[in-house]
Amino acid sequence: MELSEEDLRLINALQVSPRISWSDAGEVLGVHATTLAARWDRLRAAGAAWTTAHLMGDPKNMCLAMVDIDCDMDLRPDVTAALAELAEVITVEEAASNRDLTLTVITRDLDQFSTRLLPRLKEIRGLTKYHTALCTRIHTSGYAWRLNVLSRAEQQALRALAGPESANPSAADAIVLPLPESHLALIPFLARDGRATAAEIARALGRHPATVQRQLGRVLASRMLSFRCEIAQKFSGFPVTVQWFANVPAGQHEAAATELRSVRNVRFSASTTGRTNFTMIMWLRSLAEVMEMELAVQQRIPGIELVESVVMLNTAKRVGWMLNPDSTATGTVVVPYGELLPDTV
């Protein structure tokens, strides 16, 4: 399968406004609404693109950890599969050096991470060692990554039509609004389809559509979830994933994050505990860009020490979605729910 320019424009539009109506998107893109809907159905069916909502994992409200895993080489596939089944482990990647796998983990708090998740890791046959770094602040996340094939005017028009779910969930002034228990049942549907409608959810839950519409509005505005439109990496034009572990002088993390936000390759950046205090993940066009990006980062962020770079060989799971070896979505989603969610009102 090859993606056309029109496919990429549609994906870019949904990156800006994941839940925009097809009629509104059609006005901006100059394409009939039914054509856009059919095109999106084709992309989803092929696993080339999908929309999802996942727990933000903001360290102010939850525990976000990055865990390096070592395992017996002969049992790596089994270890990978076992880890991917855990709802708390939202992303699983195979690394090229110094660790076999790297995980992104979200739990309700540090106690849940220590007393409930870590014992489960120890039970996985073939997993021999783990090392944990805890995130203290998220600066940039995957929801903000863009293909940038649309014009600036088109992107501005889409932002003007975007709903509350498109707001920056990790903004410094973002306040997470607790949700009643009845509202939490909507989250699995949004994890499987970030564009799920109130009518669809109501039918599945056996609730009145008007009730679910009100509940959905509150969920979308809660800042508990991060909405995004994902693309299979092989179609993105940036097939290489690299993570850097760095040290940034105390008091300069926000300035460093600000500089990185202007680098389109950045998918994630955060302050962390552990052997280093800052990490960033980028999608690159080729391995040759690794040295170029390192130079660019050092020029933009005086005083940064790039300690280690790690190339990812494969992504088995990305924010809950299971992926094929070619980076397309399998359609299977391991939904974070239940005890992962914060205390409700």
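A brief report on the enclosed structure follows.

**With respect to the packing of helix α1 (residues 5–16) against helix α6 (residues 152–161)**
Running from N to C, α1 and α6 cross one another at 45 degrees; their axes reach a closest spacing of 9 Å. The angle between α1 and α6 places the two elements in the oblique class. As α1 packs across α6, the resulting crossing turns out to be right-handed. Taken together, the residues of α6 that come into contact with α1 (itself represented by R9, A13 and V16) are E154, Q155, L158 and R159.

**Comments concerning helix α12 (residues 253–260)**
Those residues of α12 lying buried are H253, A256, A257 and L260. Angularly, the buried residues of α12 cover 100 degrees about the axis, an arc narrow enough to put them on a single face. Against the buried residues of α12 lie β5 (127–140), β8 (266–272), β9 (278–284) and α13 (289–300).

**A short note on the packing of aromatic side chains**
Across all of its chains, the model carries three aromatic pairs by this definition. Geometrically, the ring pair formed by W50 and W321 is stacked, given 5.5 Å between the ring centres and 25 degrees between the ring planes. Here W50 is found in strand β1 (residues 49–55), whereas its partner W321 is found in strand β11 (residues 321–323), with 271 residues between them in sequence. The exposure class of W50 is buried, given its relative accessible area of 1%. Among the residues examined, W321 registers a relative accessible area of 6% and is labelled buried. Taken together, the ring pairs connect W145, F238 and W283 into an aromatic cluster. One residue, R195, lies across the ring of W22, its end atom 4.0 Å from the ring centre.

**Quick look at the side chain of T51**
Tracing the chain through its elements places T51 in strand β1. Its relative accessible area of 2% is what places T51 among the buried residues. Of the polar contacts made by the side chain of T51, one reaches the side chain of D193; its length is 3.2 Å. Residues contacting T51, with those up to four places away along its chain left out, are L14, P18, W40, A191, R192, D193, G194, R195, R228, C229 and W321.

**Observations regarding helix α10 (residues 209–220)**
Here α10 contains 12 residues, and its C-alpha end-to-end distance of 16 Å stays within 8% of the 16 Å for a straight helix at 1.5 Å per residue. The set of residues buried in α10 consists of V212, Q215, L216, V219 and L220. Each buried residue of α10 sits inside an arc of 135 degrees when the element is viewed along its axis, so together they form one side.

**Section: the pairing of β1**
β1 sits mainly inside the fold: seven of its seven residues count as buried. Bridge count for β1 against strand β6 (residues 225–231) is seven bridges, and the pairing is antiparallel. Residue pairing for β6: T52 is matched across the bridge by R228.

**Some words on the pairing of β5**
Judged from the seven bridges that link them, strand β2 (residues 63–71) and β5 form a sheet pairing that is antiparallel. Looking at β5, one finds that M66 is bridged to A133. In this sheet, β8 lies alongside β5 in antiparallel orientation, the contact comprising four bridges. Among the inter-strand pairings, T140 is bridged to a residue of β8, identified as S269.

**Considerations on unusual backbone geometry**
A negative phi angle characterises most non-glycine residues, just as the trans form characterises most peptide bonds. In this structure, V319 takes a positive phi of about 35 degrees despite not being glycine. Of note, V319 is situated in the loop between β10 (305–318) and β11. A positive phi angle, near 80 degrees, is found at S327, a position not held by glycine.

**Observations regarding the packing of α1 against helix α3 (residues 33–45)**
Across the interface, α1 lies against α3 with an axial gap of 11 Å and an inter-helix angle of 90 degrees. In terms of axis orientation, α1 runs roughly perpendicular to α3. Across the interface between the two elements, E6, D7, L10, I11 and L14 of α1 pack against L36, R39, W40, R42 and L43 of α3. Partitioned by chemical class, the residues of the contact of α1 with α3 number six nonpolar, no polar and four charged.

**Describing the pattern of salt bridges**
Per the counting criterion, the structure on display carries 17 salt bridges. Here D100 and R76 are joined by a salt bridge, their closest N and O atoms 2.9 Å apart. Pair noted here: D100 is in the loop between β3 (89–95) and β4 (101–107) and R76 is in helix α4 (residues 76–84), with a separation of 24 residues, a long-range link. For K234, the salt bridge is made with D326, and the minimal N-O distance between the two is 3.4 Å. With K234 in helix α11 (residues 233–236) and D326 in the loop between β11 and β12 (329–333), this residue pair connects regions lying 92 residues apart in the sequence.

Conventions and cut-offs
Residues numbered from 1 in each chain as written. Predicted model: local features only at pLDDT ≥ 70, side-chain atom pairs only at ≥ 80, totals over all residues. Heavy atoms only, no water. Axes fitted to C-alpha atoms, helices over the stretch in contact; angles between N-to-C directions. Helix = DSSP H or I, 4+ residues; strand = E, 2+ residues; numbered from the N terminus. Parallel < 35°, antiparallel > 145°, perpendicular 65-115°, else oblique. Left-handed = near helix turned anticlockwise from the far one by under 90°. Contact = heavy atoms within 4.5 Å. Buried < 20%, exposed > 50% of the residue type's maximum accessible area, 1.4 Å probe, protein only. Arc of directions from axis to C-beta. Phe/Tyr/Trp six-rings, centres within 6.5 Å; stacked < 30°, edge-to-face > 60°. Lys NZ or Arg CZ within 6 Å of the ring centre and 35° of its normal. Polar contact = N/O pair within 3.5 Å; in protein donor to acceptor, adjacent residues only side chain to side chain. Expected span 1.5 Å × (residues − 1). Pairing = 2+ DSSP bridges. Nonpolar A, V, L, I, M, F, W, Y, C, P; charged D, E, K, R; others polar. Salt bridge = Lys/Arg side-chain N within 4 Å of Asp/Glu carboxyl O.

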